[in-house]
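# Per-entry structural report
Given next are the chains, with one letter for each unit.
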Amino acid sequence: MDDAFKMKKIKTDSGIEIKEVYTSKDFDQPVLIELPGEFPFTRGVQSDMYRGKLWTMRQYAGFSTAEESNNRYHYLLSQGVSGLSVAFDLPTQIGYDSDHPLTEGEVGKAGVAIDSIEDMQALFQGIKLKDVSTSMTINSTAFILLAFYVAIAKKQGADLTELKGTIQNDILKEYAARGTYIYPPQASMRIITDIFEWCSKELPKWNTISISGYHIREAGSTAVQEVAFTLSNGKAYVKAAVEKGLDINVFGKRLSFFFNSHNNLFQEVAKFRAARKMWAEMMKQLGATDEKAMMMRFHAQTGGSTLTAQQPLNNISRVTIQTLAAVLGGTQSLHTNGYDEALNLPTEEAASIALRTQQIVAFESGVADTADPLAGSYFVESLTKEIEEKATALIDKIDAMGGSIKAIEKGFIQNEIAQSAYNYQKDIEAKDKIIVGVNSFLSDTAIAPPSFKIDDNIRKLQIKKLKDLKERRDAFAVELCLKKIKDHAEENKNLMPTVIEAVENFCTLGEIADVLRSVFGEYK
């Protein structure tokens, strides 16, 4: 056949060439021996996977005031969610109270505003924390939000040793891909290991970190880069904890991961399988001897950056494909995006459809009936192997630089992500990558879903609440608590007990963050 008529090469966004057909010659035979629930867990962390227990169905929600978000949580619980997932506004994420001058225009917009223990109490009003698993997407101020949560649980009389949930608490990906950091890397790592240490004794069932590839992928990375950079960050956290004297077999069981689920179904399934295998082997090399400390447990969220403002109802189909990828890949919990999220925060209708998508996949599709149903597929096994090889090569490159922190400080990881994002956009503009409704199959009919807008008066309401709180609280007790935090930071003592004491005495998030700014400085 003339070369001009040969089929154009097809590659994934990670540069993996896809063959026309796969055969037993492409198949990695040793995988046949491995079973789900067995090291290195390529096929899943449980022997029966979803036959024993379905993944936790979460819906990420948080907006406006704590009271408004609480109403949404009660609605979602009534619709069948089995875990809450909290979104915080940008001021909360970067340690500013709502009355700080820099917060104007941002309070309650990208998530819920939490300034004090009273806001946290309103957020979970009528919800027994002992009965729910709560995931909090929070990083630089994760220790303060966890302190609020623990203080509320204590008020409810909950047994802290039974409390279940996750704080994201992954600051390295903030430096690399997202930007909501406060303190320099070494100080941030110190706070994270303080959390590991305290939770291992006081909150043994709490996941102390969710090492996030999600935001790395949202920033424009490829699937291979998502795996490599996430696992490299994970290695940095483990090494920091071991250097502090913590037992890898104890804290290793409370590490979790957070991945993106994109549109390329088979690549995403292979990505999850490869990541699980690589992490198990990495933890073994780092000194873990308990297999439970080698298991990669992960939460997945459908790809926010894949959602389009054009023809937004098409996003329901995209989210369905991404849901299948996460489930076929063996996720432990899942959040599905609303179809309208390229335009605004999800309406109740959109959030409900997103949840129903998970429920339909769980109960009607049959994909949850057996563990790792795509195992043995010539194509999937080959992709799994190729992703592992490419991601391992990238991790080796980062290790040669001195690890993730050094690679971030040199700008290597940021530059790699930026280049991938640029290449992806070029492919869209050249129509080498088709995005339905965006660069092909366009429609003249505009479909505008109902918009969900946040009241601009939220900041005024939060400022009033802060003013009232400061007038009622014991100013002397607040001053003592803040001084104690400063002293413990300077003396390298674990910060968690003093921060919990401070929030119980009505110190605000911004006040606590500012005290530590005075000790650690800010990262520029």
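Here's what I pulled together on the structure shown here. Keep in mind it's a predicted model, so treat the numbers as computed, not measured.

Analysis parameters
- Residues numbered from 1 in each chain as written.
- Predicted model: local features only at pLDDT ≥ 70, side-chain atom pairs only at ≥ 80, totals over all residues.
- Heavy atoms only, no water.
- Helix = DSSP H or I, 4+ residues; strand = E, 2+ residues; numbered from the N terminus.
- Rg over C-alpha atoms; globule rule 2.2 N^0.38 Å.
- Buried < 20%, exposed > 50% of the residue type's maximum accessible area, 1.4 Å probe, protein only.
- Contact = heavy atoms within 4.5 Å.
- Areas by Shrake-Rupley, 256 points an atom, 1.4 Å probe, with all protein chains shown as cover.
- Pairing = 2+ DSSP bridges.
- Axes fitted to C-alpha atoms, helices over the stretch in contact; angles between N-to-C directions.
- 1 Å grid on protein atoms, 1.4 Å probe; cavity = no way out; pocket = protein on both sides within 12 Å on 5 of 7 lines; lining within 4 Å.
- Points joined across faces, edges and corners; volume = space filled by probe spheres on them.
- Nonpolar A, V, L, I, M, F, W, Y, C, P; charged D, E, K, R; others polar.
- Expected span 1.5 Å × (residues − 1).
- Polar contact = N/O pair within 3.5 Å; in protein donor to acceptor, adjacent residues only side chain to side chain.
- Phe/Tyr/Trp six-rings, centres within 6.5 Å; stacked < 30°, edge-to-face > 60°.
- Salt bridge = Lys/Arg side-chain N within 4 Å of Asp/Glu carboxyl O.
- Parallel < 35°, antiparallel > 145°, perpendicular 65-115°, else oblique.
- Left-handed = near helix turned anticlockwise from the far one by under 90°.
- Core = buried A, V, L, I, M, F, W, Y, C linked by side-chain atoms within 4.5 Å.

Attention now goes to the overall build of the protein chain. The helix and strand inventory of the protein chain stands at 19 helices and 11 strands. The C-alpha radius of gyration computed for the protein chain amounts to 23 Å, which stays within 12% of the reference 24 Å derived for 524 residues, consistent with globular compactness. Overall size of the protein chain, expressed as C-alpha extent along the three principal axes, is 85 × 60 × 45 Å. Taken over 524 residues, the protein chain has a buried fraction of 56%. Put simply, of all contacts in the protein chain between residues at least 6 apart along the chain, 78% involve residues at least 24 apart. Accessible surface, the protein chain: about 21800 Å² in total, of which carbon and sulfur atoms supply 52%.

Moving on, we get to the sheet that holds strand S4 (residues 83-87). Within a sheet, adjacent strands bond to each other through the backbone by hydrogen bonds, running parallel or antiparallel. The strand order across the open sheet formed by nine strands is S7-S6-S5-S4-S3-S11-S10-S9-S8, and the pairing between neighbours is parallel. The open sheet terminates on both sides in strands that have one partner only, identified here as strand S7 (206-207) and strand S8 (209-212). Packing of helix H10 (residues 265-285) onto the sheet brings it into contact with strand S9 (255-261) and strand S10 (298-302), and relative to S9 it is tilted by some 160 degrees.

We now examine the layout of surface pockets. Taken as a whole, the largest pocket spans an internal volume of roughly 1300 Å³. Asp-13, Tyr-424, Ile-428, Lys-433 and Ile-435 are, among the 39 residues lining the largest pocket, the residues nearest its centre. At the level of secondary structure, the elements contributing two or more residues to the lining of the largest pocket comprise strand S1 (10-11), helix H7 (214-218), H10, helix H11 (314-328) and helix H15 (412-429). Looking at the lining of the largest pocket, the element that brings in the most residues is H15, giving seven residues. Among the residues making up the lining of the largest pocket, the classes are represented as 13 nonpolar, 16 polar and 10 charged.

Right, let's talk about helix H17 (residues 475-490) for a bit. Here H17 contains 16 residues, and its C-alpha end-to-end distance of 23 Å stays within 8% of the 22 Å for a straight helix at 1.5 Å per residue. On the buried face of H17, the contacting elements are helix H6 (185-202), helix H18 (496-504) and helix H19 (509-520). Of the residues flanking the start of H17, the one acting as N-cap is Asp-474, its side-chain oxygen 3.0 Å from the backbone nitrogen of Phe-476. At the exit of H17 stands Asn-492, carrying a positive phi of roughly 60 degrees.

Two measures describe an aromatic ring pair: the distance that separates the ring centres and the angle between the ring planes. Under the defined criterion, the tally for this structure stands at 18 aromatic pairs. Note on Tyr-149 and Trp-206: the rings are 5.2 Å apart at their centroids and 50 degrees apart in plane angle, and the pair reads as tilted. Highlighted residues: Tyr-149 in helix H4 (residues 142-155) and Trp-206 in strand S7, separated in sequence by 57 residues. Note on accessibility: Tyr-149 and Trp-206 belong to one class, buried. Ring centres of Phe-259 and Phe-298 lie 5.7 Å apart, and the angle between their planes is 75 degrees; this geometry places the pair in the edge-to-face category. Placement of Phe-259 in strand S9 and of Phe-298 in strand S10 is noted, with a sequence separation of 39 residues between them.

One pass over the full model with this rule turns up 33 salt bridges. Between Lys-19 and Asp-26 there is a salt bridge; the shortest N-O distance is 2.5 Å. Close ionic contact of Asp-399 with Lys-235 constitutes a salt bridge, the shortest N to O distance being 2.7 Å. With a gap of 164 residues between them, Asp-399 in helix H13 (residues 378-401) and Lys-235 in helix H8 (residues 223-243) connect regions that are remote in the sequence.

Any two packed helices are characterised by how steeply their axes cross, that is the angle between the axes, and by the distance between the axes. Following both chains from N to C, one finds H8 and H10 inclined at 25 degrees, their axes separated by 10 Å at the closest point. Comparing the axis directions of H8 and H10 gives the class roughly parallel. For the pair H8 and H10, the sense of crossing is right-handed. Side by side, H8 and H10 meet where Ala-223, Glu-226, Val-227, Leu-231, Gly-234, Lys-235 and Val-238 of the first sit next to Gln-267, Glu-268, Lys-271, Ala-275, Met-278, Trp-279, Met-282 and Met-283 of the second.

Let us look at H19. Compared with the 16 Å implied by 1.5 Å per residue over 12 residues, the 16 Å span of H19 between its first and last C-alpha is a close match. Taken together, the buried positions of H19 are occupied by Leu-509, Gly-510, Glu-511, Ile-512, Ala-513, Val-515, Leu-516, Arg-517 and Phe-520.

Below, the discussion takes up the packing of H13 against H15. H15 packs onto H13 with a crossing angle of 150 degrees between their chain directions and a minimal axis gap of 11 Å. One finds that H13 runs roughly antiparallel with respect to H15. Judged by residue contacts, Leu-394, Lys-397, Ile-398 and Met-401 of H13 engage Phe-412, Ile-413 and Glu-416 from H15.

Time to look at the pairing of strand S5 (residues 133-137). For S5, the buried fraction is high: five of the five residues fall into the buried class. Residues of S5 alternate between two faces, with Ser-133, Ser-135 and Thr-137 on one and Thr-134 and Met-136 on the opposite face, all of them buried. Two strands pair when backbone bridges link them, and S4 and S5 are joined in this way by four bridges, in the parallel orientation. Looking at the pairing, Ala-87 lines up with Thr-137 of S5.

The nonpolar side chains of a soluble globular protein tend to be buried with one another. By size, the foremost hydrophobic cluster in this structure holds 139 residues, and its most contacted members are Met-120, Met-136, Phe-143, Leu-231 and Ile-512. It is H4 that contributes the most residues to this core, 12 residues altogether. If sequence neighbours within four positions are ignored, Leu-231 has contacts with Phe-257, Phe-259, Ala-275, Met-278, Trp-279, Met-282, Met-296 and Ile-395.

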